[in-house]
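Okay, here's what each chain looks like letter by letter:
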Amino acid sequence: MTASEDAQLVTMYSGGAYFGVPVTRVRDVLAAPQIYAAPLAPASILGSINLRGRIVTAIDLRTRLGMAPAENRAGCKCVIVERTGGEPYALLVDEIGDVMMLSASLYEPNPVTLDKSWSQLCRGLYRQEGQMLIVLDIDALLEIEAAAA
Amino acid sequence: MDDILRDFIAEANDSIDALDRALVRFEREPEDPDLLSEIFRVMHTIKGTCGFLGLARLAAIAHAGENILGQFRDGALTPKQDSVSAILESIDLIKALIGHLDAHGAEPAGDDGALISRLNAIASADAPAQTHAAEEPLAARVGGLSTIDCAIELALARAKASPEGVRLHGAQDDALHSALRDAAWGAISGEAGPSLSAALNQLGLGGEAELVLLLQKLEAALGELGVEPETAAQAIAACRDTPEAPKAAPMAAPAPAAAPAQTIRVHVDALEQLMNVASELVLIRNQLLQTLRAQPESPFAGPLNRLNHVTSELQESVMTTRMQPIGAAWAKLPRLARDLAIELDKRIELVTQGAETELDRQVLEQIKDPLTHMIRNSADHGLEPPGERAKAGKPETGRIFLSARHEGSHIVIEVGDDGRGLMTAKLRAKALAQGLITPAEAETLSENKIQQLIFHPGFSTAAQVSGISGRGVGMDVVRTNIEKIGGTVELSSTEGKGTRFTIRIPLTLTIVSALIVGCAGEKFAVPQSSVVELVGAGGGSGRQIEYVNGAPVLRLRDRLLPLIALQNLMRLEGEEEAERCVLVIRVGSLSYGIIVDRVFDTEEIVVKPTASVLRAIPYYSGATILGDGAVIMILDPKGVAQTLGAIDTNIEDTHEETRSGETLVQLLIMRGAGATLKAAPLQLVSRIEEAAAEAVEYADGKPVLQYRGRLMPLAALDEGMRIGQGKQPVVVFEDETRAIGLVVEEIIDVIEAPLRQDFKPSTPEALGSLVVADRVTDIIDLAHYWRQAAYAAAPARTSAAPLAKRALIVDPSPFKRNLIAPLLAMAGYEVATAETAEAASALLERESFSVILSDTAITARETLAAAAPVIGLYDDPLNVRQADAEGFAQMACRFDRAALLTTLDSIAARAAA
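None of these values were measured; they are calculated from a predicted model. (Residues numbered from 1 in each chain as written. Chains lettered and ligands numbered in written order. Predicted model: local features only at pLDDT ≥ 70, side-chain atom pairs only at ≥ 80, totals over all residues.)

Caption draft 1: Spatial organisation of the overall build of chain B. For chain B, the helix and strand inventory stands at 30 helices and 34 strands. Across the 913 residues in chain B, those meeting the buried criterion constitute 38%. The long-range fraction of contacts in chain B, counting pairs at least 24 apart against all pairs at least 6 apart in sequence, stands at 64%. (Helix = DSSP H or I, 4+ residues; strand = E, 2+ residues; numbered from the N terminus. Buried ≥ 20, exposed ≤ 12 C-beta atoms within 10 Å, placed from the backbone. Contact = placed C-beta atoms within 7 Å.)

See the structure below:
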C-alpha cells in the first residue's frame, strides 16, 4: 500500500488503540478460539490454534506492541492474517471494528515522535474523527525474535 | 512450452538415466545381446523423437551415438573404454541440451561438430576401410538406413512447420514417416519400391510443391547429420528420379492398436495436494471417532466406522502413489563409480541390492546427495589402489556395497566398502591435535567413539586437507542431511577390512507413529521411532531417579542413563509428580531418557511444519492436531539431545560391544506365558500386528485371523498361552502363498546378537538356546509352528522343475542348518543335512540331490559341485571375499529368504531346461 492510493482496511481495537490491517491480508475473523500453548515460544506468541484442521500460530497484539496483556482473554477476537508467502497467523485483539474505505488524502506517515518499537511495526496513520487509525505492517509484526531458548 | 515437448523431456530424462546404467553394465558384460539392444532402442527412441520435434542438435548427436551402438550390435566394433566413454559423453551432452530445453523451451545454439566427428571416427575406425568414398554404394555413403530415418524425421517436422507444407498436416505422422522413409531408402539403395512422389500420392498428399519442399528439407537435414554435400545431392536426385515401380507395394498393415497405457504421468504438485487433503481427512476422521467414543449409541456409528476404513484405505493408497523404488536415487551411482575408478585409477565394483525397495519420493530426493557423497568417499578414501590391495591379500577390485531393505516403518540403507577402514590411531591423534578431545579421553575413548568423530563438523575438512585420515569429507554434512529427514547414520569400521555406514530413514515424513506424553498439564508427541523403551520411575515401580551433582540419571540394566526432565526443559510450572515415566530415547549411538509425567497413548499423527516464528526453538520438529482437536508440539529427540552437551556425555552402549569376528543378527525378542524368552531372526518376521479377542475366529476348531483379505492361522508361542484373550501382539511370518501368526504375550525388544548355539534346545518348538543380554533365550523353530497350523503337508510351490526337488544342506553349525531346513521344506524340497564335506560326500554316494546348499566355510566344493549345483550361503554380504564365492554356482545370503528362494528357483529352472 502506498500513500497515493485509497485503502480498504479491517479495523480493530487492542489496548485502547485503534488499528487497521489491509483487507487483502485478512483471511478470517473468529471469536475467542481455544489456544494451545507452545512452551518456550517468545512472550508475544500465545500458542497455536486449530483453524479447521490447519495449525495457526496465535500472536497477542498487545504483547507484541509492548502493552500489558489483557487480564481476561475470554471476549477477545482473532484475526487470521497472512504473511507474505502465505503462512497464516492469528492476531489476538480486543475487539473487531469495520471494514473501512479510506481516502489517500487522510493518510499521514508515522509521526517522528512515535516510539521506535511502534514505528517499526506501523506504516503510518489515517486521520479519523475521534481516534487515529494506525496501519499495521503485517510482515514486520510477524518478524518475531526468538526468545533465548 | 507445449505438452509434447514437456512429455518428451520427462521421458528423455528417465531413459537417459537408464542408458547411463545400462552402458556401465554393458562395458562389463559386452556379450549380453539383450542389454545392447535395450541400449540401442533407448538411443534410437531419443533420436527419433528429437527428429520428430525438429530438435536438430539433439538428433544429430543421438544419431552419431547410435551409429557406434549399431556397430557394437553388428559386431563390427568391439566396445572399449574409450568408445563407451565417448558415448557416455554424448549422453551427457544430450542431458545438458535437454536441461536447457527444459529451462528455455528451445535448444541452445552451438556446434557439436567436434564430438560428432570423434564419434564418427570411432564408428569408422574398426569398420572396413572406407577410403574411396566414391566407390562405395550411395546408401553406405549416406550412412545407412538410420541416417535416412533420422533425416526424414527432421525434414518432415520442418516441412510441416513451413507455410507450404500445410497439406502435410492431415496425414498420420507414423504412416507418413514410414512411407517416406521406405520410399527414400528404396530410391537411395536402389531397391525396388514406390517412389517418393507415389508415397505422397498414396496418402492423398501428392503434389509437386510438397515433394519439392520435402526434398529440399531432406537435403538440408542430411547435411546436418554429417553427410557430405555431394553425396546428399546425389541421394536427393535418386529420390526424385525413381521410376514408378510396377505396382506399389501395399502399405504395411497399420500396427495393432497399442495396449492401453497402464501408467500416466501426474504432476508432483497434484500428488502433494492429494496427500495434504488425505492428511486433513485423516484428522477429521480422528476427531469424529473421538466424538463417537463419547457417544457410543450415536446413529452415526455405522457410517463413521465405514468412513474410518475408507479413510485408512485412501491414506494408504495415496501413500503408495508417493512411493518410488530407491533404485531411482541410485540410478546415477554405477556411472559415478565407473568415472571415479578411471579418475582415481582404482578398480571398483559397485554391488547393489534391494533397488526395488520403495520409499517416499520426498525422502528419496533428500538422500540422493548424501548417498553420492558416501560412494565418492568410499571410492576416494576407503578403497586402496590395486597394488596396495594385492599386498594386503585382497582382490584388486575393491567392492562398494549398497543395499536397501525395509525394517518396520523404516528403510535401512547400508553403504560399505572392503577398503582400508578407519585408522583409529590417526583419528585419535588428529582429534587430540585439534582439541576435540582431551588427552585423558584420547586414552580412554573406545574405538567406536573415536570413529564417530568423523561426523564432527570441522574435523573432517581438516583431515581431508592433510590427507592422512582415512576418510571424512563432509561427513557432518551427510549426517545433517540425513537427520533433517528424521534419519540416523551409524558407522562401523574395522581397520584393514572396511567401513560400513548404516542409514535408517522413516518411510514417509508426513504421517508418523508417535507417543503422546503429558507433562505438567501439557501434551507433547514423541516420534516412536526414537523411543526404544518406556520405564516407570518413582512410586511403586521400584526404580528411582538419582541425581549426580544435580543431574538426573537412571540406572538401567547396569548402565547410567542421563535424563532430561521435560518439565524443566519446557520451563513448565507445576508440582512434580511422585510417579513418573522415562522415555528411553536413542539417537544415533547416543541414548538418554526424557522424564515425563505420564504416557497417554500411541497415535498416528500427521506432521505439520513448525510455524516459522517457532523454528528457532531446537526442541520441536513440528506440530500436530490430536483426535480431540488439540494442537500439540512434536518433540525432536535430536534437538532435545543437544542439551546433553558435547560428545563427551555420550554413554557407552553395551549392546554394541560384542566379541569380535562374530556376525550379528537382529533378533526379535518376545515372551509367551512361560518364563523363557523366545527369539526369532527379525529378517523372517514380516509384520507385527495386534489381534483383539473378538477378531480371532475359528475355522475347523483352529484359531484364525483375517489378515489382508485371507485367513491366517494363529499359533500360540508356547503351551501356556491362550489365544483370544484381550489384545495380543501377533508376529506374522509370511512366504509367497501363506502366512502364519504367532500369538505372543509381549514383544520385548529387538536386539543384535551373535548367532551361535549356546545350549541344546529344551522344547520341541526351539531350535536352540542362546544367551541374549544375560538371559537364556530360545530361538524358535518356525517349522514347528507351521506344522501346528496345519501346514504340515507343505504344498508344492508351482515350479518349472518336474524333477524331484531334493536339497542337501552342508553346514558345520547345527543352528544354521536348522534355520534353512524349514524354509526349504516349505518351498517343497525334501531336505537332508550334513555337518561336514566328508559326511556330504558319503551321502552323495548313496543318494542324489537336485541342489546343494553349502556354507562358504566348506572347502571341498569340487566334490559337491560334481553332484549338483551348489549354492554358497553367507551371513553378511559385506564379508564375502572373492575366494569364498569360487566354486559355487550361486551365492545367497542365508537370512534373505526371498533371495534364497529366487536363487533356488533359478537353479531348478536351469535344471529343467
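Caption draft 2: Focus on the overall build of chain A. A tally of helices and strands in chain A yields 3 helices and 11 strands. Taken across its 149 residues, chain A has 37% of its residues classed as buried. Expressed as a percentage of contacts within chain A between residues at least 6 apart in sequence, the contacts between residues at least 24 apart total 54%.

Caption draft 3: Spatial organisation of the sheet that holds strand 34 (residues 890-893) of chain B. All names here are of chain B. Strand order in the open sheet formed by 5 strands is 31-30-32-33-34, with parallel pairing between adjacent strands. The open sheet has two edge strands with one neighbour each: strand 31 (830-834) and strand 34. Between one strand and the next, the sheet's axes are offset by a mean angle of 25 degrees, whatever the strand orientation. Relative to strand 33 (residues 870-874), strand 32 (residues 851-855) runs parallel, the two being bridged by 4 bridges. By the bridge assignment, S854 is partnered in strand 33 with G872. (Pairing = 2+ DSSP bridges. Axes fitted to C-alpha atoms, helices over the stretch in contact; angles between N-to-C directions.)

Caption draft 4: Seen up close, helix 15 (residues 333-344) of chain B. Residues and elements named next belong to chain B. A rise of 1.5 Å per residue sets the reference length of helix 15, with its 12 residues, at 16 Å; its end C-alpha atoms lie 16 Å apart and thus fit the reference within 8%. What helix 15 keeps buried is the set L333, P334, L336, A337, R338 and L340. Remark: D345 follows helix 15 within two positions and exhibits a positive phi of approximately 60 degrees. (Expected span 1.5 Å × (residues − 1).)

Caption draft 5: The sheet that holds strand 7 (residues 88-93) of chain A, seen in detail. Residues and elements named next belong to chain A. Pairing in this open sheet of 5 strands is mixed, and the strands run 3-6-7-5-4 from one edge to the other. Single-partner strands in this sheet number two, and they are strand 3 (26-31) and strand 4 (45-51). Ignoring which end each strand starts from, the neighbouring axes of this sheet average 30 degrees apart. Two strands pair when backbone bridges link them, and strand 4 and strand 5 (residues 54-60) are joined in this way by 6 bridges, in the antiparallel orientation. Bridge pairing in strand 5 links S48 to T57.

Caption draft 6: Main features of the packing of helix 7 (residues 144-161) of chain B against helix 10 (residues 208-224) of chain B. All names here are of chain B. Between helix 7 and helix 10, whose axes approach to 8 Å, the crossing angle comes to 130 degrees. On the basis of the axis angle, helix 7 is oblique to helix 10. The chirality of how helix 7 crosses helix 10 is right-handed. Of the residues in helix 10, those touching helix 7 at A151, I152, L154, A155, R158 and A159 are L213, L214, K217, L218, A221 and L222. Looking at the contact of helix 7 with helix 10, its residues break down into 10 nonpolar, no polar and 2 charged. (Parallel < 35°, antiparallel > 145°, perpendicular 65-115°, else oblique. Left-handed = near helix turned anticlockwise from the far one by under 90°. Nonpolar A, V, L, I, M, F, W, Y, C, P; charged D, E, K, R; others polar.)

Caption draft 7: Region of the structure containing the interface of chain A and chain B. On the side of chain B, 23 residues touch chain A, which itself brings 18 residues to the contact. Listed by contribution, the elements that provide at least two residues to the side of chain A that touches chain B are strand 4 and strand 5 of chain A. At 4 residues, the largest contribution of residues to the side of chain A that touches chain B is made by strand 4 of chain A.

Caption draft 8: Main features of helix 18 (residues 424-433) of chain B. Residues and elements named next belong to chain B. Three or more residues of helix 18 are buried, namely T424, L427, K430 and A431. In a view along the axis of helix 18, the buried residues occupy a sector of 125 degrees, so they form one face of it. Exposed side of helix 18, more than 90 degrees from the buried face: A425 and A433 are the residues found there. G435 occupies a position one or two residues after helix 18 and carries a positive phi of about 75 degrees. (Arc of directions from axis to C-beta.)

Caption draft 9: Expanded view of unusual backbone geometry. Residue and element names in this part refer to chain B. Positive phi is not limited to glycine here, since D345 has a value of about 60 degrees. You can see D345 is positioned in the loop between helix 15 and strand 2 (348-353). According to the C-beta neighbour criterion, D345 is exposed, with 8 such atoms within 10 Å.

Caption draft 10: Broad picture of the environment of R28 of chain B. All names here are of chain B. Residue position: R28 is located in helix 1 (residues 3-28). On the basis of neighbour count, R28 is assigned to the exposed category, with 12 C-beta atoms found within 10 Å. Linking R28 and Q81, residues 53 residues apart in sequence, is a C-alpha distance of 9.9 Å.

Caption draft 11: The arrangement of the environment of R787 of chain B in detail. Within the element layout of this structure, R787 of chain B appears in helix 25 (residues 782-791). Distance from R787 of chain B to A715 of chain B, taken between C-alpha atoms, is 9.9 Å for residues 72 residues apart in sequence.

Caption draft 12: Broad picture of the packing of helix 3 (residues 56-74) of chain B against helix 4 (residues 81-104) of chain B. Residues and elements named next belong to chain B. Viewed as axis vectors pointing N to C, helix 3 and helix 4 meet at an angle of 160 degrees, and their least axial separation amounts to 10 Å. The pairing of helix 3 with helix 4 is recorded here as roughly antiparallel in orientation. Crossing handedness for the pair helix 3 and helix 4: left-handed. From helix 3, R57, L58, I61, A62, A64, G65 and I68 reach across to helix 4, where they touch S83, I87, S90, L93, I94 and L97. Per-class residue counts for the contact of helix 3 with helix 4 are 9 nonpolar, 3 polar and 1 charged.

Caption draft 13: How the structure looks around the nonpolar core. Counting residues in hydrophobic clusters, the biggest one holds 90 residues, and the most contacted among them are A90, L91 and L92 of chain A. Counting residues per element, this core draws most heavily on strand 8 (residues 511-519) of chain B, at 6 residues. Look past the residues within four positions of L92 of chain A in its chain and what remains in contact with it is L46, A58, I59, D60, L61, R73, C76 and C78 of chain A. (Core = buried A, V, L, I, M, F, W, Y, C linked by C-beta atoms within 7 Å.)

Caption draft 14: Region of interest: the confidence of the model for chain B. Residue and element names in this part refer to chain B. Taken residue by residue, chain B gives an average pLDDT of 76. The fraction at 70 or more is 82%. Here residues 127-134 is modelled with pLDDT under 50, and outside its nearest four sequence neighbours on either side it reaches 5 contacts, counting other chains as well. This stretch, residues 792-803, has a pLDDT under 50; its non-local contacts, to residues over four places away or in other chains, come to 21 contacts. If you check the scores for this complex, the pTM reads 0.42 and the ipTM reads 0.87. (pLDDT = per-residue confidence, 0-100.)

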